[in-house]
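# Descriptive structure summary
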Number of protein chains: 2
Amino acid sequence: MIYGYDPRTGEPVGGGLCETGGGGVGVIVDAAVAAGEGWRATAAAGRAVVLEAVADALVGRVDELWRVADRETALGEVRLRGEVARAAGQFRLFAQVIRDGGYLGAVVDHADSSAMPPRPDVRRMRHPLAGVVAVFAASNFPFAFSVAGGDTASALAAGCPVVVKAHPAHPNTSECVARVVREVLPCAELLGLVHGVGAGVELVRHRGVVAVGFTGSVAGGRAIRALIEEREVPIPFFGELGSVNPVVVLPSAARAEVAAGFAASLTLGVGQFCTNPGLVFVPDDDELREALAAAVERTTGGPMLAERIRDGYLGGLERLGRLGRLAVLAEGESGEGAWAVAPRVFAADLETFADGLPGIAEECFGPAALVVTYRDVGDLPPAVLAEGRAGQGAWAVTPRVFAADLETFADGLPGIAEECFGPAALVVTYRDVGDLPPVLERLEGSLTATVHGADPGEAGEVVRVLGGKAGRLVWNGWPTGVAVCWAMHHGGPWPASTAPAHTSVGATAIDRWLAPRAYQDWPAELLPDELKDGNPLGIPRRVDGVLTIS
Amino acid sequence: MIYGYDPRTGEPVGGGLCETGGGGVGVIVDAAVAAGEGWRATAAAGRAVVLEAVADALVGRVDELWRVADRETALGEVRLRGEVARAAGQFRLFAQVIRDGGYLGAVVDHADSSAMPPRPDVRRMRHPLAGVVAVFAASNFPFAFSVAGGDTASALAAGCPVVVKAHPAHPNTSECVARVVREVLPCAELLGLVHGVGAGVELVRHRGVVAVGFTGSVAGGRAIRALIEEREVPIPFFGELGSVNPVVVLPSAARAEVAAGFAASLTLGVGQFCTNPGLVFVPDDDELREALAAAVERTTGGPMLAERIRDGYLGGLERLGRLGRLAVLAEGESGEGAWAVAPRVFAADLETFADGLPGIAEECFGPAALVVTYRDVGDLPPAVLAEGRAGQGAWAVTPRVFAADLETFADGLPGIAEECFGPAALVVTYRDVGDLPPVLERLEGSLTATVHGADPGEAGEVVRVLGGKAGRLVWNGWPTGVAVCWAMHHGGPWPASTAPAHTSVGATAIDRWLAPRAYQDWPAELLPDELKDGNPLGIPRRVDGVLTIS
């Protein structure tokens, strides 16, 4: 049985749900495949109406939805109402996208008998993949990256049925959302839902599944990748695996705003964001360092989404403590609740980092950050700079910031630059902006990279190097908060994602579930309307090499 | 040492070339990575000029190029001159594509402070992958799918340096083409060339390689896929693996044209095309069957590209002979040359196909086809329907067509529908068009699917089913001959390709080497020109949700 748990008390919520087993996954996928035939054949205009009905249904049931989710996630009313609105907004955006028709990449090349060799009439557009999209829901967004999240919205928009592997951190929310969505789908089987690890494995192996979307850890992403590699027929895997999201603070940056913004971004949602700023490079400046520490000390943690996630974070912090030269610099108040933890600040000697801090930032999902400070010739000990207050609740954890210096990274960044899921970050001070590029070059791929500064001219090579490391570059902002819009790209080089050409947020997320087909000398009456002469649907098309807007 | 061989004589051509070993691959890739920095930073307009210079250089040196290639491939002057023109045309097309700028997918979403939550300014465009594109050249197109083929042209156009693993069937041509191209590149290291199987393995494993393009067999594709799966950092793999390319002849089709067209398409280039029509469904009609046989009997084979390829094809035919009930129905004249073979026609009993013809069409690269005929309740023996004349030359082979009936496929298509590289095909007769869809449903993915008929209304479900099986649908034409144009899609579901969303021919082939990046609240002076306000480059962009053409 699968139970949801209340992160504030650690107690089970409601009755248990059965794991999907005994052929159940196959039945659900087969039903989705069958339902998908009619859905794929439904005109975009018809699919758009359904997507908007889903959005309306989510918003209409928000009073019920946020309460169910809050009991399982402790994310609170404001955040959860906002997230339902965001999930609904995603369905509305994809309704716009498919009405617009540009996503089809329609191209018409008329025959050219004067070409050598003579060219036939060739027309091309994208079609939905013929089968089921499997979606592995994330823990940290029970609405916007779960059963009715962006993967599901974009796949349904493309014309694909979806089977979601529910995240165990919110099984009842998953069931509730699926019921709400199914009520307005033309066919309930278009959205399947399965529970349990075994069901997830069976799902990836099922031959009716033609693509997999996943949001989660690198370890989880590797596991699914391995399952896909075992398949007889390979399928695309779109895994968004999170990242450290490096931030560079230029000397010209507004310091007070940086300190406050960093603390807020770091601790948003108890740091449980894939865009959490985990690695911050700051100028060597006592005032800024103290401001960062003070800002983080004023923050409050909170209960994490699941006991396993809280334990992972605490385990990560414990490993940091065991690294030898880390000492407690400051300690805040403990929050209330069975599993609440207290804010704390560590300090350590520089030598701690001789071998690059292996393990210091691994699997430490929770409100901790690592600030690695630099003063002069290695005389400042790396330190846990500041720690906030733990919030209340069974799985509450404390924001934490570590410190080290730039020279720590002379021999690379083993372990240090790996994501620590939760409000953990590493702040590295530097003396000269010109010293940064070689260190930044060594970073792995990230979802985002951020620069703070008043003078863009100051950035120099930093911008070029960060450009190759991240899918989204942010100026004078913080990476948490991913706008759902046409231009958004939420992806990046491995390990941020398994498919750097694709995004899981924004209009182009639909691209993942489409593949083109070309029609050569095809009879007009058999052509899709999108490719007929006269452009009856009025969509953007490239005709004989020229982009045309009807 | 690696030698080129003359397919007409089987003798080595010129001196041997060294396999790239002893760290050579690393040196070449590292040099390409370094050269790539400047190339990536070159404006599209500048890259376009270089692409056109490459096209001019290829055309200017065609007299030298076709001769070198003919000695190693025996493809003949007309075909090879045409292929050089095609390769040059690909470079010119990609110059057009990058001047147009639409390929960048530029999107500008201005900030919207009235949105909830307020939306930042977000702009997005595609950038070249930051590293080397590894290209595995094909055997059958020494120009258009080799060193200066579509993969190389599209990758250079995107802004990526390229290292090509030369195909052993034309090593001297590869060297010659690389010299010609390098003379006009701003930096010779932008196009690396390596020889030998070990070099190919090293290339795929090199960390400087960010994507792999491959054209070849399913076995070769699987081998590269396995190497990529071993990599610490996964990279995209675009393998175009060929296919059986099913053809459905509707009862209304013009029979004489079908017979002549089939024979010509089947034997073009001694059947050595990934678009070779390998599986033909025809109405149950003696006249058509005889016309197909007669047309194929009038064809002439020719020397294959390599001894290994010829042996593979002959081995495949031998296996067919060993299946028991296959008998020789007719035999044509043998061509001249040490390895020439004679045209031949087989016949067999229906029972041969009880288990689905396992192996009958595996690895039989050469001018053979399988026509599986149907008359009534299984009374017509599957037969090798017709065989053409072998051409002259050491590695000459014979076109061949096998026959069987539709009921053979009642229990699936094990082995029967696998590609037999070369002019081999399977012709299946049917009584009713309505009997076809369940059989077509069982086919694996193909690059193309073709329908012949005078009445599109006759096709019914056939078109819907074929649509899900192929990347290109052809009406009243033959799949060989892939037009290089904006609308072309040369790809398809596995095993036709490893990445069904992508093409290796046509304007969108450039998409493979690009990944998007979003810029959030990014300073105007640091934005790429493509995303600046006022659209200084005049490229197509989507601005606040609306597609705009400057």
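Look up: the structure comes first, before these words.
My aim in this report is to walk through the structure given alongside it, one point at a time. (Residues numbered from 1 in each chain as written. Chains lettered and ligands numbered in written order. Predicted model: local features only at pLDDT ≥ 70, side-chain atom pairs only at ≥ 80, totals over all residues. Heavy atoms only, no water.)

### Concerning the overall build of chain A
Per the secondary structure count, chain A includes 13 helices and 23 strands. For chain A, contacts bridging at least 24 residues in sequence account for 78% of all contacts bridging at least 6. When the accessible surface of chain A is summed, it comes to about 18,100 Å², and 53% of that surface belongs to carbon and sulfur atoms. (Helix = DSSP H or I, 4+ residues; strand = E, 2+ residues; numbered from the N terminus. Contact = heavy atoms within 4.5 Å. Areas by Shrake-Rupley, 256 points an atom, 1.4 Å probe, with all protein chains shown as cover.)

### Some words on the pattern of salt bridges
A complete count under the given rule lists 42 salt bridges over all chains for this structure. In this structure, A:Arg8 engages A:Asp70 in a salt bridge whose closest nitrogen and oxygen atoms are separated by 3.1 Å. Of this pair, A:Arg8 sits in the loop between strand E1 (2-5) and strand E2 (12-17) while A:Asp70 is found in helix H3 (residues 62-73), placing the two residues 62 residues apart along the sequence. According to the relative accessible area criterion, A:Asp70 is buried, its value standing at 12%. Of the charged contacts, one joins B:Arg464 and A:Glu37 as a salt bridge, the two residues approaching to 3.4 Å between their closest N and O atoms. Pair noted here: B:Arg464 is in helix H13 (residues 461-467) and A:Glu37 is in helix H1 (residues 24-41), and the two residues belong to different chains. One network of salt bridges, in which partners are shared, links A:Glu37, A:Arg40, B:Glu441, B:Glu461 and B:Arg464. (Salt bridge = Lys/Arg side-chain N within 4 Å of Asp/Glu carboxyl O. Buried < 20%, exposed > 50% of the residue type's maximum accessible area, 1.4 Å probe, protein only.)

### Re the packing of aromatic side chains
Residue and element names in this part refer to chain A. Tallying each qualifying case throughout the model produces 14 aromatic pairs over all chains. Seen from their ring centres, Phe214 and Phe237 are 6.3 Å apart, and the 45° between their planes marks the pair as tilted. Residue Phe214 is found in strand E8 (residues 209-215), and its partner Phe237 is found in strand E9 (residues 237-240); the two are separated by 23 residues along the sequence. Residue classification places Phe214 among the buried residues on the basis of a relative accessible area of 9%. By the ring-pair criterion, three or more aromatic residues cluster together here, those being Phe136, Phe214 and Phe237. One cation-aromatic arrangement involves Arg79 over Phe141; the distance from NZ or CZ to the ring centre is 4.7 Å. Note that Arg225 overlies the ring of Trp494, its terminal NZ or CZ placed 5.7 Å from the centroid. (Phe/Tyr/Trp six-rings, centres within 6.5 Å; stacked < 30°, edge-to-face > 60°. Lys NZ or Arg CZ within 6 Å of the ring centre and 35° of its normal.)

### Here we look at the sheet that holds E9(A)
All names here are of chain A. Judged by pairing direction, the sheet is parallel, and its five strands sit side by side in the order E7-E6-E5-E8-E9 without closing on themselves. Either end of the sheet is taken by a strand with one partner, and the two such strands are strand E7 (191-194) and E9. Going across the sheet, the axis of each strand differs from the next one's by a mean of 15°, ignoring polarity. Sheet topology places strand E5 (residues 132-136) next to E8; five bridges connect them, and they run parallel. (Pairing = 2+ DSSP bridges. Axes fitted to C-alpha atoms, helices over the stretch in contact; angles between N-to-C directions.)

### Here we look at the sheet that holds strand E7 (residues 191-194) of chain B
Residue and element names in this part refer to chain B. Read across the open sheet, the five strands follow the order E7-E6-E5-E8-E9; overall the sheet is parallel. Among the strands making up the open sheet, the edge pair consists of E7 and strand E9 (237-240). Direction aside, the axes of adjacent strands within the sheet are offset by 15° on average. In the packing of helix H1 (residues 24-41) onto the sheet, contacts are made with strand E5 (132-136), strand E6 (162-165), E7 and strand E8 (209-215), and the angle to E7 comes to roughly 170°.

### Describing the packing of helix H8 (residues 218-230) of chain A against helix H8 (residues 218-230) of chain B
Angle between the axes and distance between the axes: these two values describe a pair of packed helices. It is the contact of H8(A) with H8(B), at a shortest axis distance of 12 Å, that shows an interaxial angle of 165°. Relative to H8(B), the element H8(A) is oriented roughly antiparallel. The chirality of how H8(A) crosses H8(B) is left-handed. On the side of H8(A), the interface is formed by A:Arg225, A:Ile228 and A:Glu229, while H8(B) contributes B:Arg225, B:Ile228 and B:Glu229. Residues of the contact of H8(A) with H8(B), tallied by class, amount to two nonpolar, no polar and four charged. (Parallel < 35°, antiparallel > 145°, perpendicular 65-115°, else oblique. Left-handed = near helix turned anticlockwise from the far one by under 90°. Nonpolar A, V, L, I, M, F, W, Y, C, P; charged D, E, K, R; others polar.)

### With respect to helix H9 (residues 255-267) of chain B
Between its terminal C-alpha atoms H9(B) stretches 18 Å, which fits the 18 Å expected from 13 residues at 1.5 Å a residue. Looking one or two places after H9(B), you find B:Gly269, whose phi comes out positive at around 55°. (Expected span 1.5 Å × (residues − 1).)

### Structural notes on the interface of chain B and chain A
At the junction of the two partners, chain B supplies 60 residues and chain A supplies 60 residues. Both sides together, the interface formed by chain B and chain A hides about 5,300 Å², and carbon and sulfur atoms give 60% of it. It is B:Arg124, B:Gln520 and B:Trp522 in chain B that bury the most area against chain A; as a group they hold 11% of the surface buried on that side. Where chain B touches chain A, the interface holds six salt bridges. (Buried area = accessible area lost by both parts, 1.4 Å probe.)

### Comments concerning the relation of the copies chain B and chain A
Turning chain B through 180° and shifting it by 0.0 Å along the axis lays it on chain A, with an RMSD of 0.0 Å. The operation mapping one copy onto its partner corresponds to a two-fold rotation axis. In this assembly, 100% of the residues forming the interface of chain B have copies in chain A that are likewise at the interface, indicating an isologous arrangement. (Least-squares fit on C-alpha atoms with pLDDT ≥ 70 in both.)

### Section: unusual backbone geometry
For residues other than glycine, phi is negative in most cases, and the peptide bonds are mostly trans. Following A:Trp494, the chain continues to A:Pro495 via a peptide bond in cis, the omega torsion being 5°. Among the structural elements, A:Pro495 can be located in the loop between strand E20 (470-475) and strand E21 (514-520). Residue B:Asn476 is not a glycine yet carries a positive backbone phi of 50°. Among the structural elements, B:Asn476 can be located in the loop between strand E20 (470-475) and strand E21 (514-520). A residue is classified by how much of its surface remains accessible, and B:Asn476, at 44% relative accessible area, is partly exposed. Backbone geometry places B:Asp521, a non-glycine residue, at a positive phi of 50°.

Purely geometric numbers; function is a separate question.
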